[in-house]
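Each chain, letter by letter, is given below.
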Amino acid sequence: MPQQRFPKIEILQIAPHYIQFILSETDTSMANALRRIMIAEVPTLAIDLVEYAENSSVLNDEYIAHRLGLIPIRFMAEGSLKGGDCHTAFLPHQECVCYDRCPRCSVEFELDVNFDKYNQTRPEQERDLSLTVTSRNLISNNMLVSPAHFLNEEEQDESHDEGISIVKLGPGQHLKLKAIARMGISKEHAKWCPVAVATYRFWPEITINQEACSMLTLEQKQELVEACPDRILELDEITGNLVAVENAYEMATFTEDLKVAQNAMKKRPEDDDFVKVVQSQDRFVFSVESTGAMDAEEILMSSLRVLKDKLNYLAAEVEKLKD
Amino acid sequence: MNAPERSAAFILDDDEEKIEYAADTKVSNAGTFTLNKEDHTMSNLLRMQLLRDPQVKFAGYMHPHPLVHKIHLKIQTTTSQVAPAETLSAAIEDLSNETDHLITQVTDAIEKWKRENDTGMMGM
Ligand SMILES: [Zn+2]
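Residues numbered from 1 in each chain as written. Chains lettered and ligands numbered in written order. Predicted model: local features only at pLDDT ≥ 70, side-chain atom pairs only at ≥ 80, totals over all residues. Heavy atoms only, no water.

Chain B has the name DNA-directed RNA polymerase RBP11-like dimerisation domain-containing protein in an unreviewed UniProt entry, where Cyclotella atomus is given as its organism. In the Subcellular location (unreviewed entry) part of its UniProt record, chain B is described as follows: "Nucleus". (UniProt positions renumbered as here; feature names shortened; annotations may be inferred.)

Chain A appears in an unreviewed UniProt entry as DNA-directed RNA polymerase RpoA/D/Rpb3-type domain-containing protein from Cyclotella atomus.

Here's what the structure looks like:
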């Protein structure tokens, strides 16, 4: 007897780096599974191996390798402008049959910055300044893969930097290396995590008992509006009725003050509440913010794909067990 | 020095099966599945889905230790006619269908949003 549910999705907002949506008609176990998969099991690319030819910078090899690892690496499928799911294009290096590495399981970046050489190309008045090596200096050997220098164009316009800073070089210093990016998941290391934020909150169900509220004076209603620190209530300009504000769902957090205030207004303690706010158990507001490695909507799609793959795998294993 | 590989959290060891089953010796129609290299993500999902099945009398999971990457999932069914493995299969299938449904829901919702909010992101 199938116990299947048919959840619903409503999009509230999409930007390349951000998505907000409502998941409903399912329970926390599904919401939480999706959240956990987005954080820990959506595969991305990240620099995992660095070969140094020369490093005379002030930072040691390990320090720079760590910084390189944390740079978000974006994969864009051919003809697409979106940071997409890289799992169709790459193999996890553990699964690849090659001896060390190959284009199927890795992407190579070359970086070669020599302060003295570069300084000759700078204008006279800038030659005393240090030179910042950034993610822009990483040259990829795969057209579809590049570092994500900024989250979006707005950030890029506001920034004084060229990209993500790695190290500053001074006279006589030279950094030359080859960085190898691989596909992985953030269960292994957080550098593979595609999200900066992946959270959900319970939808607040705000019920206003208009019949009970009709006993209140305008002043008392105003008092209720002000009792709520999140300002989830307002007075309707025409009718003077208490109503929930439009975006109450993203503000409602603390409602104890509202409870105290309305209990004080009741004639008898057992009277009905004027306003009731409860957490919905089957409606969730998700906010997902990308690191830049993937577009936010692609992270959501990828998390569902990962969930499906995991379920298929388990289904096959349970079948094997039955025989 | 003796730290385990980080990938040991999700890649099966050489001699490891994904799922092991041990029938309960004291309780009838019950048994414990050991899901190797799984965590709360799948186990809680499975547990909640199993609890919605009227043929399941008990379903619970345990993560024995944060550094031990396995889950013990215990299932007891209401009758001897239904094996715990059958209910587990059914739960996985329902969740699989739910995920399929979600994939189409998300695809449709994103398309709809982009149609209604022509932000110049079309074709991106
Ligand atoms: Zn390979």
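Residue and element names in this part refer to chain A. Evaluated as defined, the whole model comprises 8 aromatic pairs over all chains. Where Tyr-200 meets Phe-284, the ring centres are 5.5 Å apart and the plane angle is 80°; that geometry is what we call edge-to-face. One end of the pair, Tyr-200, is in strand E11 (residues 195-208); the other, Phe-284, is in strand E14 (residues 275-290), with 84 residues separating them in the sequence. Its relative accessible area of 0% is what places Phe-284 among the buried residues. With 5.3 Å between their ring centres and 40° between their planes, Tyr-200 and Phe-286 make a pair best called tilted. Linking Tyr-200 in strand E11 with Phe-286 in strand E14, this pair joins segments that are 86 residues apart in sequence. (Phe/Tyr/Trp six-rings, centres within 6.5 Å; stacked < 30°, edge-to-face > 60°. Helix = DSSP H or I, 4+ residues; strand = E, 2+ residues; numbered from the N terminus. Buried < 20%, exposed > 50% of the residue type's maximum accessible area, 1.4 Å probe, protein only.)

Residues given the UniProt feature "domain: DNA-directed RNA polymerase RpoA/D/Rpb3-type" (unreviewed entry) here are residues 18-317 of chain A. End-to-end, the C-alpha atoms of residues 18-317 of chain A are 36 Å apart, and along that stretch the chain is 26% helix and 31% strand.

Residue and element names in this part refer to chain A. On the surface, Glu-153, Glu-154, Glu-155, Asp-157 and Glu-158 cluster together into a negatively charged patch. The topology assignment puts Glu-158 in helix H4 (residues 153-158). Residue Glu-158 is classed as exposed on the basis of its relative accessible area of 59%. (Patch = residues over 30% accessible without salt bridge, like charges linked within 9 Å, V, L, I, M, F, W, Y side chains within 5 Å. Areas by Shrake-Rupley, 256 points an atom, 1.4 Å probe, with all protein chains shown as cover. Salt bridge = Lys/Arg side-chain N within 4 Å of Asp/Glu carboxyl O. Lys, Arg positive; Asp, Glu negative; His and termini not counted. Charge placed at Lys NZ, Arg CZ, Asp CG, Glu CD.)

For the rest of this paragraph, the subject is the sheet that holds strand E4 (residues 70-77) of chain B. Taken together, 4 strands build an open sheet; the order of strands is E1-E2-E4-E3 (chain B) and the sheet is antiparallel. Taken across any chain shown, the strands that pair with only one partner, and hence form the sheet edges, are strand E1 (19-23) and strand E3 (56-62) of chain B. Between one strand and the next, the sheet's axes are offset by a mean angle of 20°, whatever the strand orientation. In the sheet, E3(B) pairs with E4(B) via 6 bridges, with the strands oriented antiparallel. Pairing of Tyr61(B) across the sheet is with Leu73(B), part of E4(B). Across the sheet, helix H8 (residues 296-322) of chain A is in contact with E1 and strand E2 (30-36) of chain B; its angle to E1(B) comes to roughly 45°. Contacting E2, E3 and E4 of chain B, helix H1 (residues 40-51) of chain B runs over the sheet at an angle of about 170° to E3(B). (Pairing = 2+ DSSP bridges. Axes fitted to C-alpha atoms, helices over the stretch in contact; angles between N-to-C directions. Contact = heavy atoms within 4.5 Å.)

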